[in-house]
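A look at the structure
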Amino acid sequence: MSGSKSDILWSPHHPDRYVICDSELGLYRIGPAGCAELKAGTVPLSGETAATLLAINSDTPYMKCVAWYPKQEPECLLAVGQANGRVVLTSLGQSHNSACKELVGKEFVPKHARQCNTLAWNPVDSNLLAAGLDKHRADFSVLIWDISSKFSPEASVSAEKIRLSSSDLDPSLVVTKPLYDLGQNDACLSLCWLLRDPKLLLAGMHRNLAVFDLRNTSQKTFVNTKAIQGVTVDPHFPDRVASFFEGQVAIWDLRKFEKPVLTLTEQPKPLTKVAWCPTRTGLLATLTRDSNIIRLYDMQHTPTPIGDETEPTIIERSVQPCDGLIGTFAWHPSRQNRMVVVSATNRAMTDFTVFERISLAWSATTSLMWACGRHLYECAEDGPEGAQGLLEQDIATKMRQRAQSRYGHDTVQVWRNHLLAGGNDSQLKSLSHMKQCAEDAELKLQGNKQAIVYSGIKNIVKTSSGKMSSRKCWSGSERQTEATRFHSEERGLALRLCGWMGRASDVDVEPFLRSLEQEREWERAAAVALFNLDIRRAIQILNRGAMAEKGDLNLNVVAMALSGYTDEKASLWREMCSSLRLQLNNPYLCVMFAFLTSEPGAYDGVLYESSVAVRDRVAFASMFLNDAQLPRYVDKLTNEMKEAGNLEGILLTGLTKDGVDLMESYVDRTGDVQTASFCMLKGSPGEVLKDPRVQCWIENYRNLLDAWRFWHKRAEFDIHRGKLDPTSKPLAQVFVSCNFCGKSISYSCAAMPHQGRGFSQYGVSGSPTKSKVTSCPGCRKPLPRCALCLMNMGTPVSSCAGTGKSDDKVDLTRENKLAQFNNWFTWCHNCRHGGHAGHMLSWFSVQTIILSMNHLEILVPHQIAESIRWVQV
């Protein structure tokens, strides 16, 4: 526009058309770049879109502002405000119907010529067009024209106005009398119609924002402010309005029009345009002068109490649609977050989409959901079907499945826990095996030595006070060669913890070999037999494994190689075994030949074979390393396990501080707080349980159970935790309170300080010899009466009148004597009548009424709640 900034307007009815307003009007159609490539007048907007010029209108000089007619017909009708204050209706070369032909060329002339600053069509009554003009001391600045009026120029029209008129203009097309005139002796810089009421017009006057009501033009609502430019209504929130002054944006709420509800950060340069996004709630775009970025303000509303002055949360970000300076921009009316930007230096246009920030939400059941704009996407984990069953599942899924199978709760048969976890995790299997072996070893020890079991082999071997070595001959070999083995009480305990020695004997390994054969671990059984210097037993195991169903026939070859064992260093057998053992696939077969070909005391080929189980390597070291070598090897292996977070290292560290360090590495690597919680609870001393890391794992696992809605399993875990760690028991949270003073009168309050005294202090325990309490311990008001015996609550049942037959006696044996159930308070939820639990059950047992737990509530003391079993019919 001549002498003013350019602007861009989207068609209200054609989503692919827009108008560029500068020195002339240019109508463009946007489309895919592929189909518009060969057409003349095509301007590329982005890599995917291009704009084609459809029409140009140069018949309206001195343009200052433009507004697009909001209705479908007439099509492409534009109102142009000029520098002399006139408003001209024009079109862009479209085929016009009769209604359009009557309107095109029509002029609306003010009484006094001055610049037209802004135009706005009424969105409901489309015949009304509001124009905002500069100040004139004898005229109004807000004129509302009716485009359908037929008034012609009056005789009082000034000569200057006639001179400015076109010489060939039809007088019937000139309208000089507005329908409404508002804002006398003032200037209007911006205006807009309010969406909530088509009769209300918001105008940015010289020093205030004013709301005019066309039903009563003599009155107006206004607020004094400098932010009077660019007033615009939020299309998603009709009571929210934005305006600006210089570099500051003010957000107004028309319901509280006294002051802005929000003032955005002031920009260093003056603002040129602000616009609400029509497809996104609460998104405001602003543009400053000589800038290549557009600032976006995302207004997130949070519920606040009535009268709270807290401002809504604002998320600010900037986007750069193009490299050059931006002249103006316009949001697309229907395409989400899409805008067209016009360069300030030339008419270069850019089609740009503002990408939303992605908001992620990950449910406790491993379902991932994210929101992007108006779209909501969900990515759920597929079930283990076919090839997907081979994929490793997320640890959260594993822990959830384990919790459903009561993993960790089996304290009698501990070895079953790894089966409840699926039986595929070797570390969990070794952990369960070590727990069982530790319990077996603990039964054989007395006194202070029982604490050594959970201190780990690392501490056990350090306490070794002496050694005893022996030379034992190979069993099953024709050559009577001998091998040196070491014995001590601590080494024997280490062998039991490794599972090599059972309860029956300290030296017999045969039960362990039979268990390995039952599990079809032929190679491992043969290696253990060989390490115990029984080469004939090792050969028998290999032969049996080769003949078993689906057995490996190559085991016969290995057995054949073992049968030729010789201790001669220069023999061909020793040379071939040393060179070919690394080609064996099974690590236990490899370490068997490494042991046979090693020098005494130098067993690195066995001790540092990482594929062999840690407990087998430690058991081997306990038999063949001397007192100097064994602690060094155990320390080195312990450090490796701690760094790797390998649960097999718990055998070495025990449930000590080193064990917590190892478990921390395991949790950091896997996230398995479930195993860490159960492992630390089942044998750790009190000081280890107080470690902040252990408490963090336990609380996180409890939160996971709550997030999965496993309320009962979390309660079971808390009960289990309370048995193992008495300090973790929570205080009682339910008690009977007095209706008068509100203090506790129940037995459960005994554990809560300053909550009154319990029944036990007043002899209310169900015993006939105890004194009775029939009033509140706090205020001495009488307690409610039992509806059956009419005695005050607190009176023991045994001293009340019988409610059944004369020979009925109160059963105080077994469960009733333990639970003292007869004295508990019971009441109906509906009528609030109640009495002693024993009387209630006695009465309901002989009445033809179904006892429903929904209508009878029984207050259960915390100490005996676990001993009651409820049966509901």
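A brief look at the structure comes next. (Residues numbered from 1 in each chain as written. Predicted model: local features only at pLDDT ≥ 70, side-chain atom pairs only at ≥ 80, totals over all residues. Heavy atoms only, no water.)

Ranked by size, the top nonpolar core spans 95 residues in total, and within it F531, F595 and M663 carry the most contacts. Dropping the residues within four chain positions of it, M663 is found in contact with L647, I650, A676, C679, M680 and W697. (Core = buried A, V, L, I, M, F, W, Y, C linked by side-chain atoms within 4.5 Å. Buried < 20%, exposed > 50% of the residue type's maximum accessible area, 1.4 Å probe, protein only. Contact = heavy atoms within 4.5 Å.)

Taken together, the 5 bridges between strand β31 (residues 368–372) and strand β32 (residues 375–379) define a ladder with antiparallel strand orientation. For M369, the partnering residue across the bridge sits in β32 and is E378. Here β31 hands over to β32 after 2 residues, with G373 in that stretch at a positive phi of 70 degrees. (Pairing = 2+ DSSP bridges. Helix = DSSP H or I, 4+ residues; strand = E, 2+ residues; numbered from the N terminus.)

Of note, T653 is situated in helix α17 (residues 650–653). Leaving out residues up to four positions away in the same chain, T653 has contacts with S455, G456, T638, K642, D658, G659 and L662.

With their axes 12 Å apart at the nearest point, helix α8 (residues 510–518) and helix α10 (residues 535–547) run at an angle of 15 degrees to one another. In this view, α8 runs roughly parallel relative to α10, as classed from their interaxial angle. Crossing angle aside, the handedness with which α8 passes α10 is right-handed. Contacts from E510, L513, R514 and E517 in α8 reach R537, I541 and R544 in α10. Its residues assigned to classes, the contact of α8 with α10 shows 2 nonpolar, no polar and 5 charged. (Axes fitted to C-alpha atoms, helices over the stretch in contact; angles between N-to-C directions. Parallel < 35°, antiparallel > 145°, perpendicular 65-115°, else oblique. Left-handed = near helix turned anticlockwise from the far one by under 90°. Nonpolar A, V, L, I, M, F, W, Y, C, P; charged D, E, K, R; others polar.)

Right, let's get into the pattern of salt bridges. Within this structure, the stated rule accounts for 34 salt bridges. Of the charged contacts, one joins R514 and E510 as a salt bridge, the two residues approaching to 3.9 Å between their closest N and O atoms. Taken together, the residues span about one helical turn, with R514 and E510 both in helix α8 at a distance of 4 residues. For R514, a relative accessible area of 43% gives the class partly exposed. We classify E510 as partly exposed; its relative accessible area is 23%. Among the charged side chains, a network of salt bridges with common partners joins E699, R702, D706, R714, D718 and R721. (Salt bridge = Lys/Arg side-chain N within 4 Å of Asp/Glu carboxyl O.)

Time to look at the environment of A529. When you line up the elements, A529 lands in helix α9 (residues 522–531). Along the sequence, A529 and Q540 sit 11 residues apart, while their C-alpha atoms lie 10.0 Å from each other. If we ignore the near neighbours within four places in the chain, the residues touching A529 are L513, D534, R537, A538 and I541.

This brings us to helix α16 (residues 629–644). Here α16 is 16 residues long and its end C-alpha atoms lie 23 Å apart, about the 22 Å a rise of 1.5 Å per residue gives. Within α16 the residues assigned to the buried category are L630, Y633, V634, L637, T638, M641 and K642. Angular distribution of buried residues about the axis of α16 spans 165 degrees; they occupy a single face of the element. Exposed residues pointing more than 90 degrees away from the buried face of α16 are listed as R632 and E643. Each element contacted by the buried residues of α16 is listed here: α6 (457–462), α7 (489–498), α14 (604–607), α15 (614–624), α17 and α18 (657–670). (Expected span 1.5 Å × (residues − 1). Arc of directions from axis to C-beta.)

Here we take up the pairing of β31. Relative to β31, strand β30 (residues 359–362) runs antiparallel, the two sharing 4 bridges. The residue of β31 that forms the bridge with W362 is L368. Linkage of β30 to β31, two consecutive antiparallel strands, is achieved through a turn of 5 residues, within which T366 is found at a positive phi near 65 degrees.

Let us look at the sheet that holds β31. Spatially, the 3 strands line up as an open sheet ordered β30-β31-β32, and their pairing is antiparallel. Strands at the two margins of the open sheet, each flanked by one partner only, are β30 and β32. For this sheet, the mean angle separating the axes of adjacent strands, direction not counted, is 20 degrees.

With the rule as written, the count across this model stands at 23 aromatic pairs. Ring centres 4.7 Å apart and planes at 65 degrees place the aromatic pair F531 and F620 in the edge-to-face group. Placement of F531 in helix α9 and of F620 in helix α15 is noted, with a sequence separation of 89 residues between them. The class for F620 is buried, based on a relative accessible area of 0%. Among the aromatic residues, those joined into a cluster by ring pairs are W500, F512, F531, F595, Y603, F620 and F624. The ring centre of F329 lies 5.2 Å from the NZ or CZ of K273, which sits over that ring. The side chain of R402 reaches across the aromatic face of Y407, ending 5.6 Å from its centre. (Phe/Tyr/Trp six-rings, centres within 6.5 Å; stacked < 30°, edge-to-face > 60°. Lys NZ or Arg CZ within 6 Å of the ring centre and 35° of its normal.)

Relative to the elements of secondary structure, R524 occurs in helix α9. For R524, a relative accessible area of 7% translates into the label buried. Side chain to side chain, R524 and E521 meet in a polar contact 3.3 Å long. (Polar contact = N/O pair within 3.5 Å; in protein donor to acceptor, adjacent residues only side chain to side chain.)

A cluster of nonpolar side chains, L572, M576 and L580, forms an exposed patch at the surface whose accessible area comes to about 280 Å². Structurally, the position occupied by L572 is in helix α12 (residues 572–580). (Patch = residues over 30% accessible without salt bridge, like charges linked within 9 Å, V, L, I, M, F, W, Y side chains within 5 Å. Areas by Shrake-Rupley, 256 points an atom, 1.4 Å probe, with all protein chains shown as cover.)

Here we take up the packing of helix α11 (residues 554–563) against helix α13 (residues 587–596). At a minimum axis separation of 12 Å, α11 and α13 run at an interaxial angle of 5 degrees. With respect to α13, the element α11 is oriented roughly parallel. Contacts between α11 and α13 pair L555, V558, A561 and L562 from the former with L589, M592, F593 and L596 from the latter. Along the lines of polarity and charge, the residues of the contact of α11 with α13 split into 8 nonpolar, no polar and no charged.

Where α12 is concerned, the buried positions are W573, R574 and C577. Buried residues of α12, seen end-on, are gathered within an arc of 95 degrees and therefore sit on one face of the element. When the buried face of α12 is taken as reference, the exposed residues oriented beyond 90 degrees from it are L572 and E575. Its buried side turned inward, α12 meets α11 and α13.

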